[in-house]
Amino acid sequence: VQLQASGGGLVQAGGSLRLSCAASESIFSMNGMGWYRQAPGKERELVARFTSSGTTYYADSVKGRFTISRDNAKNTVTLQMNSLKPEDTAAYYCNADRWIGTLLYNYWGQGTLVTVSS
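Residues numbered from 1 in each chain as written. Predicted model: local features only at pLDDT ≥ 70, side-chain atom pairs only at ≥ 80, totals over all residues. Heavy atoms only, no water.

Regarding the overall build of the chain
From N to C terminus, the chain includes zero helices and 11 strands. Counting from the amino terminus, the chain carries its helices and strands in the arrangement β-β-β-β-β-β-β-β-β-β-β. Counting only C-alpha atoms, the chain reaches 45 × 30 × 25 Å along its principal axes. A buried classification covers 42% of the 118 residues belonging to the chain. (Helix = DSSP H or I, 4+ residues; strand = E, 2+ residues; numbered from the N terminus. Buried < 20%, exposed > 50% of the residue type's maximum accessible area, 1.4 Å probe, protein only.)

Considering the environment of P40
Take P40: it is sitting in the loop between strand 4 (32-38) and strand 5 (45-51). Along the sequence, P40 and A91 sit 51 residues apart, while their C-alpha atoms lie 8.5 Å from each other.

Concerning the state of the cysteines
Taken as a whole and assessed by the stated rule, the structure comprises one disulfide. A sulfur-sulfur separation of 2.0 Å characterises the disulfide bridge that pairs C21 with C94. Here the S-S torsion is close to -80 degrees, and the disulfide linking C21 with C94 is therefore left-handed. Residue C21 is found in strand 3 (residues 17-23), and its partner C94 is found in strand 9 (residues 90-100); the two are separated by 73 residues along the sequence. (Disulfide = S-S within 2.5 Å.)

So this is what it looks like as structure tokens:
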């Protein structure tokens, strides 16, 4: 599975950005998809994710500001980011995992940089 992320950029605090992740295969086949981020000098952290069972997870730091959604027809997952803060500055990575037999395979897209200026 190939994941192509897009939509990063530079925005002022309080602004909005929308990240998109296009999958090369049907997202119906995925166990889960979501977005992670990694700021300089910090570990990669989960931002938002949904699972095939319908569960959606948001990190506490983004609840109420970020929304993850999916377009099944386009095999695309979108992260709408509103009320951005300087601490949201990071490289954002699209992620998907899928069961093949008894093994869970993990896939990553390339990072897209989000920079929020104060």
